[in-house]
Amino acid sequence: MAHRGLRFGIFLAPFHRVGDNPTLSLGRDLELISWLDSLGYDEAWIGEHHSAGWEIIASPEIFIAAAAERTKHIMLGSGVTSLPYHHPFLVAQRFVQLDHMTRGRAMLGCGPGALVSDAYMMGIKAEDQRRMMDESLGAIMKLLACEEPVTMKTDWFEMNQARLHLAPYTYPHFPIAVASATTPSGVQTAGKHGVGLLSLGAGLPGGNAKLAEYWRQGEAEAEKHGKQFSRDGWRLVINMHCAEEDERAFRDVARGERMETLSYFSETLGRPPMRSENPLGDGLKAGTTLVGGPETIIKGIQRLLEYTEGGAGGVLFRAHEWANREDTMRSFELFARWVMPHFQGSLTMPLQSREWCSENRQGSSAPA
């Protein structure tokens, strides 16, 4: 790890309103990751979706390969690869290749698939998706161990004496994490296989209050299967927008947040996001959404970490376009300048040096 303290990054679904030029939207996504790389962000997780018009990246692997050529340091993961949609042997092969091509900057995020419409088009029953994800991840972990050929047969995939073409570039393998949203199934799967966790529920109504409880369930599952379940691999996914002052931040995002809520989550997906007349305000009060100046954001992250009852390894911000392009890029810059150092210990020595010079300025200053 290049620094101590929390890791920060984004969870890029992405969210682009229908009507926006999709080609340009994909270009903006690549530019955003390049910007984050230059600002010192640690990670970017890129989603996989196949319907509904907004989340338009179908292959996170292709996007990761393109982003890797434009960046130097940032880790790049799938957020997430919907495992029931793919043969596990091919998932393992593709991410091992990315691991080599990025020299160890690739990560695999796993999930059952977020949109029912995606699964429907492929003839996958919603009630089977979590089971299929668990079966697939089990197969992938056996392949990545590179210990012996893998033979498995389920009702949806088969492997006969399967072995990887290449061993992972990263030893023993690249980082792997499982997404968890509104139920404990994701954290239980992560614990069972001893991999990381992407807590998408941290940014949903009431989700932060369940973090500690779900984590304990994951620890219990890991112990049952003889696995290690480390908080360092735990990422909390929330909404964030930072401006110089709270009032400015609210003005930046109010219109765009409401448009996304109504147009996508309500009208397109049929979910009931309008739980009140002010869902943005509710999110701010609950701490699942952080909008404000640097000090407000710092306090919000501290509050979020308290819910974990022990801390996490990283915080990811759901990449949205609530604000215009300039204010969105500025938000990430302000966060990197004024919030990130607070949680990574990079201000300790400069502050100590300044205080020492100030306290000893009479004796340390040479005469003119």
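All values reported here derive from a predicted model rather than from experimental measurement.

Caption draft 1: Just the overall build of the protein chain, in detail. Scanning the protein chain from terminus to terminus reveals 13 helices and 12 strands. Computed over C-alpha atoms, the radius of gyration of the protein chain comes to 22 Å, within 12% of the 21 Å expected from 2.2 N^0.38 for 368 residues, which places it in the range of a compact globule. Projected onto its principal axes, the C-alpha coordinates of the protein chain cover approximately 80 × 50 × 40 Å. A buried classification covers 51% of the 368 residues belonging to the protein chain. By element, 53% of the accessible surface of the protein chain is carried by carbon and sulfur atoms, the whole surface being about 17,800 Å². Here the protein chain carries 37 positive and 44 negative side-chain charges, and the mean point of each set is 1 Å from the other.

Caption draft 2: Spatial organisation of the environment of G283. Structurally, G283 is set in helix α9 (residues 279-286). On the basis of relative accessible area, G283 is assigned to the buried category, the value being 8%. Along the chain, G283 and L204 lie 79 residues apart, while their C-alpha atoms are 8.0 Å from each other. Each residue touching G283, except ones within four places of it in the same chain, is listed here: T288 and T289.

Caption draft 3: Molecular detail of the nonpolar core. F8, I10, I33, Y41, I176, I301 and F335 are the most contacted members of the largest nonpolar core, which has 75 residues in total. Non-local contacts of I176, meaning those with residues more than four positions away in its chain, are made with L108, C110, L137, M141, L144, V195 and G196. If you look at the next biggest cluster of nonpolar residues, it comprises nine residues, including F11, M107, A177 and V237.

Caption draft 4: Expanded view of the pattern of salt bridges. Applying the stated criterion to the full structure yields 18 salt bridges. Here D134 makes a salt bridge to K192, at a shortest N to O gap of 2.8 Å. Of this pair, D134 sits in helix α5 (residues 129-145) while K192 sits in helix α6 (residues 185-193), and the two are 58 residues apart along the sequence. With relative accessibility at 26%, the residue K192 sits in the partly exposed group. Three or more residues joined by partner-sharing salt bridges are found here, namely R7, E43, D232 and R235.

Caption draft 5: Spatial organisation of helix α2 (residues 60-70). P60, E61, F63, I64, A67 and A68 are the residues of α2 that are buried. Seen from one end, α2 has its buried residues packed into an arc of 155 degrees, which puts them on one side. Projecting away from the buried face of α2 at angles above 90 degrees are the exposed residues I62 and E69. Here the buried face of α2 lies against β1 (7-12), α1 (22-39), β2 (43-46), β3 (75-78), β4 (81-82) and α3 (88-101).

Caption draft 6: Representation of empty space enclosed by the protein in the model. If you walk through the whole model with that rule in mind, you get four cavities of 30 Å³ or more. Quantified by volume, the largest cavity comes out at close to 90 Å³. Around the largest cavity, the lining residues are S180, A181, V187, L197, S199, G201, A202, G207, L211, Y214, W215 and W234. Top contributing element to the lining of the largest cavity by residue count: helix α7 (residues 211-224), with three residues. Along the lines of polarity and charge, the residues of the lining of the largest cavity split into eight nonpolar, four polar and no charged.

Caption draft 7: Quick peek at the pairing of strand β9 (residues 196-199). Every second residue of β9 is oriented toward a common face, with G196 and L198 on one face and L197 and S199 on the other, all of them buried. With four bridges joining them, strand β8 (residues 176-180) and β9 adopt parallel strand pairing. Looking at β9, one finds that A179 is bridged to L198. In this fold, β8 hands off to α6, which returns the chain to β9; that crossover is right-handed. In this sheet, strand β10 (residues 234-242) lies alongside β9 in parallel orientation, the contact comprising three bridges. Bridging across to β10, L197 finds its partner in W234.

Caption draft 8: Focus on the environment of G256. Within the secondary structure, G256 is located in helix α8 (residues 246-268). Using a relative accessible area of 10% as the deciding quantity, one classes G256 as buried. Sequence separation between G256 and S199 is 57 residues; the distance between their C-alpha atoms is 24 Å.

What counts as what
Residues numbered from 1 in each chain as written. Predicted model: local features only at pLDDT ≥ 70, side-chain atom pairs only at ≥ 80, totals over all residues. Heavy atoms only, no water. Helix = DSSP H or I, 4+ residues; strand = E, 2+ residues; numbered from the N terminus. Rg over C-alpha atoms; globule rule 2.2 N^0.38 Å. Buried < 20%, exposed > 50% of the residue type's maximum accessible area, 1.4 Å probe, protein only. Areas by Shrake-Rupley, 256 points an atom, 1.4 Å probe, with all protein chains shown as cover. Lys, Arg positive; Asp, Glu negative; His and termini not counted. Charge placed at Lys NZ, Arg CZ, Asp CG, Glu CD. Contact = heavy atoms within 4.5 Å. Core = buried A, V, L, I, M, F, W, Y, C linked by side-chain atoms within 4.5 Å. Salt bridge = Lys/Arg side-chain N within 4 Å of Asp/Glu carboxyl O. Arc of directions from axis to C-beta. 1 Å grid on protein atoms, 1.4 Å probe; cavity = no way out; pocket = protein on both sides within 12 Å on 5 of 7 lines; lining within 4 Å. Points joined across faces, edges and corners; volume = space filled by probe spheres on them. Nonpolar A, V, L, I, M, F, W, Y, C, P; charged D, E, K, R; others polar. Pairing = 2+ DSSP bridges. Right-handed = clockwise from strand over helix to strand, strands pointing away.

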